[in-house]
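Structural features, examined
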Amino acid sequence: GAGVSQSPRYKVAKRGQDVALRCDPISGHVSLFWYQQALGQGPEFLTYFQNEAQLDKSGLPSDRFFAERPEGSVSTLKIQRTQQEDSAVYLCASSPGPGSGTDTQYFGPGTRLTVL
Amino acid sequence: EDQVTQSPEALRLQEGESSSLNCSYTVSGLRGLFWYRQDPGKGPEFLFTLYSAGEEKEKERLKATLTKKESFLHITAPKPEDSATYLCAVQLLRDSWGKLQFGAGTQVVVTP
């Protein structure tokens, strides 16, 4: 079966542009996470969805960051008015969800965002 | 404040030279500790989950152990294909959704 996929794999934006990053989780996975990974660092949590409900957005760095998962499957992370400090790899992960008996999160390949 | 610290930052091994990576944590209420492997340009790949002190898990040349303060990832007789960054992450009881807090990783290079 297919794993988590993300698109685009690479994105270059000029400072001030808006970007949208897409995540296709493993089919049937209830839980979906977004993480941000700076160069040489571990991933940092951004936000969490259970189906279409965004239950935790405590990691979003500013109100320029917005995420949605309207039908409980595909998710989009949007960054408005990008800044140079937004340059990072954005990782999406999915897991079967609460009550499934497993906490394992499966990660996609990430989107590398470079803001010039 | 919750902290996850990995050491060393980088490790260079000869093929066959066994070693251990350390992940120490200071958290309030550990639910589970995870080990992932990350290759350049790829997302983290799940290796192990440990839930209680004394627990051990093995997969090929890798063995993970857990105490109340730290976890070790032992690499026995490594091969060049074991070269990667190894990440540990904690999941806390209070984060019922399951978010992970990662350490910075240990970059392992195994030379033939």
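Look above for the structure.
Residues numbered from 1 in each chain as written. Chains lettered and ligands numbered in written order. Predicted model: local features only at pLDDT ≥ 70, side-chain atom pairs only at ≥ 80, totals over all residues. Heavy atoms only, no water.

Take the sheet that holds strand β8 (residues 75-79) of chain A next. Residue and element names in this part refer to chain A. A sheet is described by the order of its strands in space; here four strands give the open sequence β1-β3-β8-β7, paired in antiparallel fashion. Each of the sheet's edge strands pairs with one partner strand only, and the pair in question is β1 (5-7) and β7 (65-68). For this sheet the average axis-to-axis angle between neighbouring strands, irrespective of direction, equals 15°. By the bridge criterion, three bridges tie β1 to strand β3 (residues 19-24) in an arrangement that is antiparallel. Of the residues in β3, the one forming a bridge with Ser-5 is Asp-24. (Pairing = 2+ DSSP bridges. Helix = DSSP H or I, 4+ residues; strand = E, 2+ residues; numbered from the N terminus. Axes fitted to C-alpha atoms, helices over the stretch in contact; angles between N-to-C directions.)

All names here are of chain A. Here strand β4 (residues 31-37) lies mainly inside the structure; seven of its seven residues are buried. Across six bridges, the pairing between β4 and strand β5 (residues 44-50) is antiparallel. In the sheet register, Tyr-35 faces β5, and the bridge partner there is Phe-45. As consecutive antiparallel partners, β4 and β5 are separated by six residues, and within that stretch Gly-40 has a phi angle of approximately 80°, a positive value. Across seven bridges, the pairing between β4 and strand β9 (residues 88-95) is antiparallel. Along β9, the bridge assignment pairs Phe-33 with Ala-93. (Buried < 20%, exposed > 50% of the residue type's maximum accessible area, 1.4 Å probe, protein only.)

Moving on to the sheet that holds strand β3 (residues 19-26) of chain B. Residue and element names in this part refer to chain B. As summarised here, the arrangement of the five strands in space is β1-β3-β8-β7-β6, forming an open sheet in which the pairing is antiparallel. A single partner strand is all that each edge strand has here, and the edge strands are β1 (3-7) and β6 (56-59). Across the sheet, the axes of successive neighbouring strands diverge by a mean angle of 15°, strand direction being ignored. In terms of strand pairing, β1 meets β3 through five bridges, oriented antiparallel. In the sheet register, Gln-3 faces β3, and the bridge partner there is Thr-26.

Here we take up the interface of chain A and chain B. At the junction of the two partners, chain A supplies 21 residues and chain B supplies 20 residues. A per-residue breakdown of the area chain A buries against chain B is headed by Pro-43, Asp-103 and Phe-107 of chain A, which together make up 31% of the total. Linking chain A to chain B there are one salt bridge. At the junction of chain A and chain B, the tally comes to seven residue pairs in polar contact (both at pLDDT 80 or more). Broken down by secondary-structure element, the contributors of at least two residues to the side of chain A that touches chain B are β4, β5 and β6 (53-56) of chain A. By residue class, the composition of the side of chain A that touches chain B is nine nonpolar, nine polar and three charged. (Contact = heavy atoms within 4.5 Å. Buried area = accessible area lost by both parts, 1.4 Å probe. Salt bridge = Lys/Arg side-chain N within 4 Å of Asp/Glu carboxyl O. Polar contact = N/O pair within 3.5 Å; in protein donor to acceptor, adjacent residues only side chain to side chain. Nonpolar A, V, L, I, M, F, W, Y, C, P; charged D, E, K, R; others polar.)

Quick look at the nonpolar core now. The biggest cluster of nonpolar side chains holds 23 residues, and the ones touching the most others in it are Leu-21, Leu-33, Trp-35, Leu-73, Tyr-86 and Val-108 of chain B. Elements supplying a minimum of two residues to this core: β2 (10-14), β3, β4 (30-38), β5 (45-50), β7 (62-66), β8 (70-75), β9 (84-92) and β11 (106-111) of chain B. For this core, the leading source of residues is β9 of chain B, giving five residues. Formed by 20 residues, the second largest nonpolar core is a distinct cluster that contains Val-19, Leu-21, Leu-46 and Phe-65 of chain A. (Core = buried A, V, L, I, M, F, W, Y, C linked by side-chain atoms within 4.5 Å.)

Here, the word disulfide means a covalent bond between the sulfur atoms of two cysteines. Inspection of the entire model under this criterion finds two disulfides over all chains. With a sulfur-sulfur separation of 1.9 Å, Cys-23 of chain A is cross-linked through a disulfide to Cys-92 of chain A. Residues Cys-23 of chain A and Cys-92 of chain A are joined by a disulfide whose S-S torsion is about -65°; by sign, that bridge is left-handed. Residue Cys-23 of chain A is found in strand β3, and its partner Cys-92 of chain A is found in strand β9; the two are separated by 69 residues along the sequence. Each sulfur of the disulfide joining Cys-23 of chain B and Cys-88 of chain B lies 2.0 Å from the other. Because the sign of the S-S torsion sets the handedness, a value of about 70° for the bond joining Cys-23 of chain B and Cys-88 of chain B places this disulfide among the right-handed ones. Taken as a pair, Cys-23 of chain B in strand β3 and Cys-88 of chain B in strand β9 lie far apart in primary sequence, 65 residues in all. (Disulfide = S-S within 2.5 Å.)

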